[in-house]
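Chains, contacts and geometry: an overview
Here are the chains, one letter per residue:
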Amino acid sequence: MDFSLNEEQKLIQQAARDFAQNELLPEVIERDDAQRFPKEEIKKLGDLGFLGMMVDPKYGGSGLDTLSYVIAMEEISKIDASTSVVMSVNNSLVCWGLEKFGSEEQKEKYLTKLSTGEQIGAFCLSEPEAGSDATSQKTTAIDMGDHYIVNGTKNWITNGGTASTYLVIAQTDKEKKHRGINALIIEKGTPGFEIGPKENKLGIRGSDTHSLIFNDVKVPKENRIGEDGFGFKFAMKTLAGGRIGIAAQALGIAAGAYEMALKYSKERKAFGTEISNHQAIAFKLADMHTEIQAARLLVYQSALDKDNGKDYDLSGAMAKLYASKVAMETTVEAVQIHGGNGFVKDYHVERLMRDAKITQIYEGTSEIQKIVISRSILK
Ligand code: CAA
Ligand code: FAD
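Given the structure is predicted, the values throughout are model-derived calculations rather than measurements.

Scoring rules and cut-offs
- Residues numbered from 1 in each chain as written.
- Chains lettered and ligands numbered in written order.
- Predicted model: local features only at pLDDT ≥ 70, side-chain atom pairs only at ≥ 80, totals over all residues.
- Heavy atoms only, no water.
- Helix = DSSP H or I, 4+ residues; strand = E, 2+ residues; numbered from the N terminus.
- Contact = heavy atoms within 4.5 Å.
- Near = heavy atom within 4 Å.
- Polar contact = N/O pair within 3.5 Å; in protein donor to acceptor, adjacent residues only side chain to side chain.
- Areas by Shrake-Rupley, 256 points an atom, 1.4 Å probe, with all protein chains shown as cover.
- Axes fitted to C-alpha atoms, helices over the stretch in contact; angles between N-to-C directions.
- Left-handed = near helix turned anticlockwise from the far one by under 90°.
- Nonpolar A, V, L, I, M, F, W, Y, C, P; charged D, E, K, R; others polar.
- Buried < 20%, exposed > 50% of the residue type's maximum accessible area, 1.4 Å probe, protein only.
- Phe/Tyr/Trp six-rings, centres within 6.5 Å; stacked < 30°, edge-to-face > 60°.
- Lys NZ or Arg CZ within 6 Å of the ring centre and 35° of its normal.

Observations regarding the side chain of Ser-211
Relative to the helices and strands, Ser-211 resides in strand β7 (residues 209-220). Residue contacts for Ser-211: discarding those within four places in its chain leaves Lys-154, Asn-155, Trp-156, Ile-195, Gly-196 and Pro-197.

Here it is as structure tokens:
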């Protein structure tokens, strides 16, 4: 399989790298400290065409392939994973799901604004009692003829406070279990829809995570995505692609930490020589470099599977499982290579280490990826 990038993909990579260096790096530590959402930066990312990268240009998107998207995700994540999670949710969970399964009216009304970044979207599946066990939805969407009445609570929703358009998964017919679940588009400001307090997190602190509360929220029938009962399939199919985006985020976090550790090891001296001349440090760098490249190949493979119309449930889950493990291990080692400096904020690697952890939790924990992978290879 040929993983070499074409000229357009190289340009996208360079544009993302420049954006991360020039626009994200300068205040990334302050945003993390203050848990400040990258509002201006997201606006600029939208202007660059990075919020609807895979969407057809007729709906305001950039019309690019998945490989271009993961290349951009890697570069943005090297510097700021709080920004890249906003990018990932908007691109692969919200825009992709709407373009693939939404009606023409839904695309015209919502997709164009979302793919240009005029608005941001949120994907709302998790609940207090339905995280990994996603079919156990307690939020209800009762069918009232021409509309649904939605009640319940969603947890941990990325872009929870900043989004305008929310794709909400809810149970309509309990008897039918997961086949009685629907996906509804709910607009911010709809009466009865409240946004809970912002979570105070270990990592990706610049991102905006909230619970959402629905009290008798009236949602028109035309806001249902797909046929009655399609909601759980919608969530699973959308998440299969989303996991490729999070795998690319994990890859970027690992690669960012490695690049910083490599540079530092060639500058810092101990025992009369650069620390990179100590084999213990050189071998850490060798392991990091090898594992990052292996993760990159899995991420690219899953993106190409998606672009080539092949099944990507398995390759996406493998990419996320492996890249998130590499992100965690690489960032821990990057802190170690930085010594005491690794433990303070100015050197960035401690933040990357904190950010890496979430890639093993959201969009399906590592244990859930192993369920997806093992079911696929055993079936
Ligand atoms: N594509 C299409 N359909 C799928 C599917 C897929 N990839 N995976 C499962 N399904 C379908 C199954 O075919 C089945 O439908 P039928 O009975 O009609 O065939 C239905 O979904 C239920 O499947 P299972 O019986 O396999 O369900 P399960 O209860 O065993 O759970 C699971 C499967 C994979 C563990 C699933 O619950 C899961 O993915 N859990 C993790 C949830 C998750 O990833 N949440 C992420 C939230 S979003 C987020 O986190 C965003 C962010 O942070 C930024
Ligand atoms: P649980 O499901 O309670 O899992 C707890 C532990 O048990 C985990 O280690 C898990 O792997 C393990 N476990 C559970 N079931 C099994 C099993 N069958 N076999 C083996 N081990 C198992 N959700 C959204 O819908 N939208 C979002 O935008 C979103 N953004 C998020 C942002 C952040 C910062 C965070 C922290 C979460 C976000 N989530 C979002 C939720 C996220 O997807 C869930 O936290 C995740 O799916 C795990 O669910 P849980 O937290 O309920 O953990």
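Describing the site of ligand 2
Neighbouring ligand 2 are 19 residues, the closest being Ser-126, Ser-132, Trp-156, Thr-158 and Thr-365. The backbone of Phe-123 places a nitrogen or oxygen atom 2.8 Å from a nitrogen atom of ligand 2. Between ligand 2 and Leu-125 there is a distance of 2.9 Å, counted from an oxygen atom to a backbone nitrogen or oxygen. Notes on ligand 2: free accessible area 980 Å², of which the protein chains cover 64%.

As for the packing of helix α9 (residues 313-337) against helix α11 (residues 366-378)
Between α9 and α11, the shortest axis-to-axis distance is 9 Å and the interhelical angle comes to 145 degrees. Here α9 and α11 pass one another in a crossing that is left-handed. Taking contact as the criterion, the partners of Asp-313, Leu-314, Ala-317, Met-318, Lys-320, Leu-321 and Ser-324 in α9 are, on α11, Ser-366, Gln-369, Lys-370, Val-372, Ile-373, Ser-376 and Ile-377. Classifying every residue of the contact of α9 with α11 gives 7 nonpolar, 4 polar and 3 charged.

Details of the environment of Ser-211
Judged by its relative accessible area of 13%, Ser-211 falls in the buried class. Considering only alpha carbons, one finds Ser-211 and Gly-161, 50 residues apart in sequence, at a separation of 9.0 Å.

Some remarks on the packing of aromatic side chains
Counted under the stated rule, the structure contains 7 aromatic pairs. For the ring pair Trp-96 and Phe-101, a centre distance of 5.9 Å and an interplane angle of 85 degrees mean the geometry is edge-to-face. Judged by its relative accessible area of 14%, Trp-96 falls in the buried class. Cluster of aromatic residues (ring-pair linked, three or more members): Trp-96, Phe-101, Phe-230 and Phe-234. If you follow Lys-221 out to its NZ or CZ, it ends over the ring of Tyr-148, 5.3 Å from the centre. It is Lys-306 that lies over the ring of Tyr-312; its NZ or CZ is 5.9 Å from the centre.

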